[in-house]
Amino acid sequence: MALVNTKDMLNKAREGQYAVGQFNINNLEWTKAILLTAQQNNSPVILGVSEGAAKYMCGFKTIVGMVNGMLEELKITVPVALHLDHGSYQGAIDAMEAGFSSIMFDGSHYSINENIEKTTEIIKMAEAKGISVEAEVGSIGGEEDGVVGAGEIADPQECKLIADLGVTMLAAGIGNIHGQYPENWQGLNFEALAAINNATGKMPLVLHGGTGIPEDMIKEAISLGVSKINVNTECQLVFAAATRKYIEEGKDLQAKGFDPRKLLAPGTKAIEDIVKEKMELFGSVNRA
Ligand code: 13P
């Protein structure tokens, strides 16, 4: 199946009270692991690509070619969106031109008026190509691939202004943080999420910083309109831990254990396991 935008999958998720996972990719192994797990679990999935990861993977065109090739060669039939994560204005334009089916334009560091202006322009370009658009209000704390946020809680009225522009999905800062949560984290701000959900109607809301959010908070967030949950760091952590174990056990030194296909296999399997676990938690299994 060809790439799809996120409109149908997220509207269905919102309606059915579950969330679709966005799992960020870094290389071929990551991409293959996520696509195969989605297929095995009959789940829709969103492949997230940060601008930093796009540079690492030799640019948007290389990624589009790789993902489209895999959809065909791996016979993937579940809905898959290829989504730019935290895109800049120019990055969003370039990703759209290269063949991404979905983009995030993160204008959260601009004033609300400038965010509205730029998001409006991006929506116009995206609509012409049938591409879905995610915008952001408030900010996500911490740092992801050079995108740094102070973690401001989004203002519900500003969320409504951006939602009404016709975005497909909206990311709002509600105390969520990229990377691992600190010991003294206050948790998600459900009062703010409820107010944003009320102000934006049926808009699918996006929860960034999915790594390490306790299950009960994930479920409560979904009940308050969250239909897309982004996970990145957790896949990196399990990949690194499984690879470390393989090397510490000296397996790379036994027979042909140094073969990259063997060396990267435990990490790849660890990604498959965590993605499956998240799909079960988010409720997207058998929703393809
Ligand atoms: P984590 O790295 O905390 O899982 O966040 C991912 C994310 O929000 C991508 O935009």
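Each residue is numbered by its place in its chain's sequence as written, counting from 1. In view of the model being predicted, local features appear only for residues whose pLDDT reaches at least 70, and side-chain atom pairs are presented and counted only at 80 or more, with totals across whole chains, interfaces and linings using the full set of residues. Note: side-chain values were computed over all heavy atoms of the structure, leaving out hydrogens and water.

- For the protein, an unreviewed UniProt entry supplies the name Class II fructose-1,6-bisphosphate aldolase and the organism Clostridium tarantellae.

**Some details on the packing of helix 5 (residues 89-98) against helix 6 (residues 112-129)**
- Inter-axis angles, ranging from 0 to 180 degrees, are taken between N-to-C directions of lines fitted to C-alpha atoms, where helices are fitted over the stretch in contact. Secondary structure elements follow DSSP: runs of H or I no shorter than four residues count as helices, runs of E no shorter than two count as strands, and numbering proceeds from the N terminus. Direction vectors running N to C along helix 5 and helix 6 enclose 0 degrees, while the axes themselves pass 11 Å from each other. As far as their axial angle goes, helix 6 and helix 5 are roughly parallel. Judged by residue contacts, Tyr89, Ala92, Ile93, Met96 and Glu97 of helix 5 engage Lys118, Glu121, Ile122, Met125, Ala126 and Lys129 from helix 6. Just so you know how the angles are binned, under 35 degrees is roughly parallel, over 145 roughly antiparallel, 65 to 115 roughly perpendicular, and the rest oblique. Should any heavy atoms of two residues lie within 4.5 Å, those residues are considered in contact.

**Thoughts on the pairing of strand 10 (residues 226-231)**
- Where burial is concerned, most of strand 10 is hidden: six out of the six residues are buried.
- Two strands are said to pair when DSSP picks up at least two bridges between them. The pairing of strand 1 (residues 20-24) with strand 10 spans four bridges and is classified as parallel. The partner of glycine 21 across the bridge, within strand 10, is isoleucine 229.
- Alignment of strand 9 (residues 205-207) against strand 10, held across three bridges, turns out to be parallel. The residue of strand 10 that forms the bridge with leucine 207 is isoleucine 229.
- Read from strand 9 through helix 9 (residues 215-223) to strand 10, the crossover connection turns out right-handed. Note on exposure labels: buried denotes an accessible area under 20% of the residue type's maximum, exposed denotes more than 50%, and partly exposed covers the range between, all computed with a 1.4 Å probe on protein chains only. Here is how to tell: hold the view so the strands point away, follow the path from the first strand over the helix to the second, and if it runs clockwise the crossover is right-handed.

**Section: the sheet that holds strand 9**
- Around the barrel, which closes on itself, the eight strands sit in the order 1-2-3-4-5-8-9-10 with parallel pairing between neighbours. The sheet shows a mean angle of 25 degrees between the axes of neighbouring strands, direction not considered.
- In the sheet, strand 4 (residues 102-105) pairs with strand 5 (residues 132-137) via four bridges, with the strands oriented parallel. Looking at strand 5, one finds that methionine 104 is bridged to glutamate 134.
- Seen against the sheet, helix 4 (residues 60-73) touches strand 2 (45-50) and strand 3 (80-87) and runs at an angle of roughly 160 degrees to strand 3.

**With respect to the site of the ligand**
- Any residue with a non-hydrogen atom lying within 4 Å of a molecule or strand is treated as near it. Residues in contact with the ligand amount to 14 residues; listed here are only the nearest, Asp85, Gly209, Thr211, Asn232 and Thr233.
- Any pair of nitrogen or oxygen atoms within 3.5 Å is treated as a polar contact; in protein, a donor-acceptor pairing is required on top of that, and neighbouring residues in sequence qualify only through side-chain atoms on both sides. Within the side chain of aspartate 85, a nitrogen or oxygen atom sits 2.7 Å from an oxygen atom of the ligand.
- Backbone polar atom of asparagine 232 to an oxygen atom of the ligand: 2.8 Å apart, as the coordinates give it.
- Each accessible area value is a Shrake-Rupley result obtained with a 1.4 Å probe; residue values ignore everything except the protein chains displayed when judging cover. Compared with its free state, where it exposes 310 Å², the ligand has 100% of that area covered by protein.
- Secondary structure elements with two or more residues in the shell around the ligand: strand 3 and strand 10.
- In terms of residue class, the shell around the ligand is made up of two nonpolar, ten polar and two charged. By the convention adopted, Pro, Cys, Tyr, Trp, Phe, Met, Ile, Leu, Val and Ala count as nonpolar, Lys, Arg, Asp and Glu as charged, and the other residues, Gly among them, as polar.

**Re helix 6**
- To estimate how far a helix should reach, multiply one less than its number of residues by 1.5 Å. Between its first and last C-alpha atoms helix 6 spans 26 Å; for 18 residues at 1.5 Å apiece the expected length is 26 Å, and the two agree.
- What helix 6 keeps buried is the set Asn115, Ile116, Lys118, Thr119, Ile122, Ile123 and Ala126.
- Buried residues in helix 6 make contact with helix 5, strand 4, strand 5 and helix 7 (156-163).
- Phi turns positive one or two residues past the end of helix 6, at glycine 130, with a value near 70 degrees.

**Side note on the environment of threonine 6**
- With respect to the helices, strands and loops of the structure, threonine 6 is situated in the segment before helix 1 (7-16).
- Separated by 95 residues in the primary sequence, threonine 6 and serine 101 place their C-alpha atoms 8.0 Å from one another.
- Excluding anything up to four places from it in sequence, threonine 6 contacts Ile46, Ala81, Ser102, Ser132, Thr168 and Met169.

**So, the UniProt feature "active site" (unreviewed entry) in the protein**
- Per the UniProt record, "active site" (unreviewed entry) is annotated on Asp85.
- Relative to the assigned elements, aspartate 85 resides in strand 3.
- Not counting chain neighbours up to four residues away, the residues in contact with aspartate 85 comprise Gln22, Asn24, Val49, Ser50, Glu51, Met104, Glu144, His208 and Asn230.
- Of the polar contacts made by the side chain of aspartate 85, one reaches the side chain of asparagine 24; its length is 3.0 Å. UniProt positions are given in the numbering used here, feature names are shortened, and annotations may be inferred rather than shown by experiment.

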